[in-house]
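Listed here are the chains, written in short residue letters.
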Amino acid sequence: MTAVAAIDLGASSGRVVRGIVTDGNVHIEEVHRFANGPVRHRDRLHWDLPGLYHEVLAGLRRAGGLASIGIDSWAVDYGLLDPSGELLGNPVCYRDSRTDGITPADGLYEINGLQFQPFNTMFQLMAEPLLPQASQLLLIPDLLSYWLTGQRGTEYTNATTTGLIDVRTGQWSPELTRDLPPGLLPALRHPGDLAGTFKGIPVTAVGSHDTASAVVAVPAETDRFAYISCGTWSLVGVELDFPVLTAESRAANFTNEGGVDGTIRYLRNVMGLWLLQECLRTWDTSLEPLLREAGTASGAVFDPNDPVFLPPGDMPARIQQWCGKTMTRAEIVRSILDSLALAHRDAIADAQRLSGKEVDVVHIVGGGSHNELLCQLTADACGLPVVAGPAEATALGNVLVQARAVGAAHGTLSDLRKLVLESQPLRRYLPR
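The structure presented is a predicted model; accordingly, all values stated were derived computationally and were not measured.

J.: Even after reading the chapter, I still don't get the UniProt feature "domain: Carbohydrate kinase FGGY N-terminal" (unreviewed entry) in the protein, so can you show me in this structure?
T.: According to UniProt, the positions carrying the feature "domain: Carbohydrate kinase FGGY N-terminal" (unreviewed entry) are residues 6–200. Helix and strand shares over residues 6–200 are 23% and 29% respectively, and the end C-alpha atoms of the span are 17 Å apart.

Next comes the structure, spelled out in structure tokens:
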């Protein structure tokens, strides 16, 4: 029996999870959960990284008896260090408006393979006033790893979301980084590499982009699957061996992100359950009664990826304005779920068409796998069976990469996925 700690940071909460890996089984237990969210200060949205670090330390104290520690988080955001290694300021949240109006230069997609998102790291750096003072940039998981270990590096899967990696070589692109200060970007690490030690415990690089870890834990029986890592965002796509860099792929806004073991996560970002989370925050109410009502409600369909839905604020008002009609709360919830299901369908159909990879099943992992209505609507829209679960895919993927690194698990991604398939509860939805 081997115990490891997965530090799993999301945009609305974080937790420290203790993972136990034995022959043929993986089990996780949450030992510490804490709130997270951007804080507005002087017209900027910031993350409280020192506060998150304090909570991480509290969680590690509760975890105890560990063979390894691994960290994953949301992508693209970063902290800047001064020449003495001190943080220049709390990192800015990707939902901040400072990148509004930025447009991509021609030829970017052929190098980095990323769909255009105005908040990608490369565009944030264009609006970064602290850049001239910075000695080095660390993405969020790498910053926390540095504070734990004193060692700096950049984990590869998360680095591919910055827009600064050449997707063909898997290295920092000389062309895309030539205008950045020399030495700003640390050397790359890969999942399974040793990142340093904390009080004698190895800190292992995992798929530090949370979606990379989640895809590790997709309980697929064959390679003919599509995945939806469904939480604040829906990351919808397929797993490939090589990137797709065609003009058609770029026009369809598909991204080629690095995965564990050299895979490519070929996917489209869909706005996801952020829409529902913001509605609930505005209404100050619970979800379950609204989901029951939404099951028989009729709503409207809107484009969840319209940029109007990206910032925090009164989401119900924006949805009703987009749809041009007044709706009840249950109708708004149904509208969100119908619109997400159709966006899932479109992304999966496009992924198959553009990559040439056909799929027989859709796996929904993450918190959205608990939403039975969304899972059924997605199966209906796609005309494919949906396997829902595990909800804790990100933490499980984090744990499994660590377990393999310390010798408690073995084999390929297929072997790791078999552990999830055999030890985690799953639910199947057939299309109606």
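J.: Would you mind showing me how to read the domain arrangement of the protein here?
T.: The extent of an interface is frequently quoted as the accessible surface area lost upon association of the parts. Here the protein is described as being made up of domain 1 (2–211) and domain 2 (220–388). Of note, the centres of domain 1 and domain 2, computed from C-alpha atoms alone, are 24 Å apart. Contacts between the two partners involve 22 residues from domain 1, matched on the other side by 26 residues from domain 2. Counting the surface lost from both domain 1 and domain 2, the interface buries some 2000 Å², and carbon and sulfur atoms represent 57% of this. The largest per-residue losses of area from domain 1 upon contact with domain 2 belong to R95, Y109 and Q115, which jointly make up 37% of the total buried on that side. The interface formed by domain 1 and domain 2 holds zero salt bridges in total.

J.: When you look at the pairing of strand β15 (residues 225–230) in this model, what are you seeing that I'm missing?
T.: The two faces of a sheet get side chains in turn, since along a regular strand they alternate between them. The buried count for β15 comes to six of six residues, which makes it a mostly enclosed element. Going residue by residue along β15, you find F225, Y227 and S229 tucked away on one face and A226, I228 and C230 tucked away on the opposite face as well. As judged from the five bridges shared by β15 and strand β19 (residues 361–365), these two strands associate in the parallel manner. Each bridged residue has a counterpart across the sheet, and for A226 the counterpart in β19 is V362.

J.: Explain the UniProt feature "domain: Carbohydrate kinase FGGY C-terminal" (unreviewed entry) in the protein here, please?
T.: When the UniProt feature table is mapped onto this chain, "domain: Carbohydrate kinase FGGY C-terminal" (unreviewed entry) is found at residues 226–405. End C-alpha to end C-alpha, residues 226–405 measures 27 Å, and it is 46% helix and 17% strand.

J.: Teacher, can you tell me more about the environment of A226 here?
T.: Its location among the elements puts A226 in strand β15. Distance in space between the C-alpha atoms of A226 and V359 is 6.1 Å, their sequence separation being 133 residues. In contact with A226, not counting residues within four places along its chain, are G237, V238, I348, V359, V361, V362 and H363.

J.: Sorry, what's going on with the nonpolar core here?
T.: Soluble globular proteins: nonpolar side chains tend toward being buried together. Formed by 128 residues in total, the largest nonpolar core has its most connected members in I7, L60, I69, Y94, Y266, I319 and I336. Sorting elements by how many residues they give to this core places helix α12 (residues 329–355) first, with 11 residues. Shared between two domains, this core takes at least three residues from each, and those domains are domain 1 (2–211) and domain 2 (220–388). Sequence-distant contacts of I319, that is, excluding residues within four places in its chain, are made with C279, F302, F309, M327, I332 and I336. If you look at the next biggest cluster of nonpolar residues, it comprises 21 residues, including M122, A159, W172 and L188.

J.: Would you explain the pattern of salt bridges in this entry?
T.: Where charged atoms from two side chains of opposite charge approach closely, those side chains can pair. Inspection of every chain in the model, using the stated rule, returns 19 salt bridges. As a salt-bridge pair, R33 and E30 come within 2.9 Å of each other at their nearest N and O atoms. On the accessibility criterion, E30 (38% relative accessible area) is partly exposed. Residue R44 pairs with D96 through a salt bridge whose shortest N-O separation is 2.7 Å. Linking R44 in strand β5 (residues 44–46) with D96 in the loop between β7 (78–81) and α2 (108–112), this pair joins segments that are 52 residues apart in sequence. Among the residues examined, R44 registers a relative accessible area of 29% and is labelled partly exposed. Because the salt bridges share partners, they merge into one network encompassing D8, R15, E30, R33 and E392.

J.: Whenever I open this one, the packing of aromatic side chains confuses me. Can you help?
T.: Aromatic ring pairs: the centre-centre distance and the angle between the two ring planes describe each pair. Following the criterion strictly, the structure yields eight aromatic pairs and no others. Measuring from ring centre to ring centre gives 5.4 Å for F116 and F123, while their planes differ by 70°; the resulting arrangement is edge-to-face. Pairwise contacts between aromatic rings join Y94, F119 and W233 into one cluster. Against the face of W274 rests R95, its NZ or CZ located 3.6 Å from the ring centre. Sitting over the face of the ring of F225, K357 holds its NZ or CZ atom 5.8 Å from the ring centroid.

J.: What exactly am I supposed to notice about the packing of α12 against helix α13 (residues 372–382) here?
T.: Helix packing geometry: the angle between the two helix axes and the distance between the axes. Running from N to C, α12 and α13 point in directions that differ by 45°, and their axes come no closer than 8 Å. Taken together, the axes of α12 and α13 lie oblique to each other. The two elements α12 and α13 cross, and the hand of that crossing is right-handed. Residues R334, L337, D338, L340, A341, L342, H344, R345 and I348 of α12 lie in contact with α13, whose contacting residues are L373, L374, L377, T378, A381 and C382. Here the contact of α12 with α13 is built from residues that sort into 10 nonpolar, two polar and three charged.

J.: How should I be thinking about the packing of helix α9 (residues 274–283) against helix α11 (residues 315–323) in this particular structure?
T.: Contact geometry of α9 with α11 gives a least axis separation of 7 Å together with a crossing angle of 120°. By the criterion of interaxial angle, the relationship of α9 to α11 is oblique. Contacts between α9 and α11 involve W274, L275, E278, C279, T282 and W283 on the former and, on the latter, M315, P316 and I319. Across the contact of α9 with α11, the residue classes break down as seven nonpolar, one polar and one charged.

J.: When you look at the side chain of Q402 in this model, what are you seeing that I'm missing?
T.: Structurally, Q402 can be placed in helix α14 (residues 393–405). With residues near it in sequence (within four places) discarded, Q402 still touches V4, A5, A6, S68, I69, G70, T204 and V206.

J.: So what exactly am I meant to see when it comes to helix α4 (residues 140–149) here?
T.: Because each turn of an α-helix spans 3.6 residues, side chains separated by three or four positions in sequence point in the same direction. With nine of its 10 residues buried, α4 lies for the most part within the structure. Within α4 the residues assigned to the buried category are I140, P141, D142, L143, L144, S145, Y146, L148 and T149. Trailing α4 by a residue or two, G150 shows a phi angle of about 80°, which is positive.

Quick notes on the rules
Residues numbered from 1 in each chain as written. Predicted model: local features only at pLDDT ≥ 70, side-chain atom pairs only at ≥ 80, totals over all residues. Heavy atoms only, no water. UniProt positions renumbered as here; feature names shortened; annotations may be inferred. Helix = DSSP H or I, 4+ residues; strand = E, 2+ residues; numbered from the N terminus. Domains from an automatic or database assignment. Contact = heavy atoms within 4.5 Å. Buried area = accessible area lost by both parts, 1.4 Å probe. Salt bridge = Lys/Arg side-chain N within 4 Å of Asp/Glu carboxyl O. Buried < 20%, exposed > 50% of the residue type's maximum accessible area, 1.4 Å probe, protein only. Pairing = 2+ DSSP bridges. Core = buried A, V, L, I, M, F, W, Y, C linked by side-chain atoms within 4.5 Å. Phe/Tyr/Trp six-rings, centres within 6.5 Å; stacked < 30°, edge-to-face > 60°. Lys NZ or Arg CZ within 6 Å of the ring centre and 35° of its normal. Axes fitted to C-alpha atoms, helices over the stretch in contact; angles between N-to-C directions. Parallel < 35°, antiparallel > 145°, perpendicular 65-115°, else oblique. Left-handed = near helix turned anticlockwise from the far one by under 90°. Nonpolar A, V, L, I, M, F, W, Y, C, P; charged D, E, K, R; others polar.

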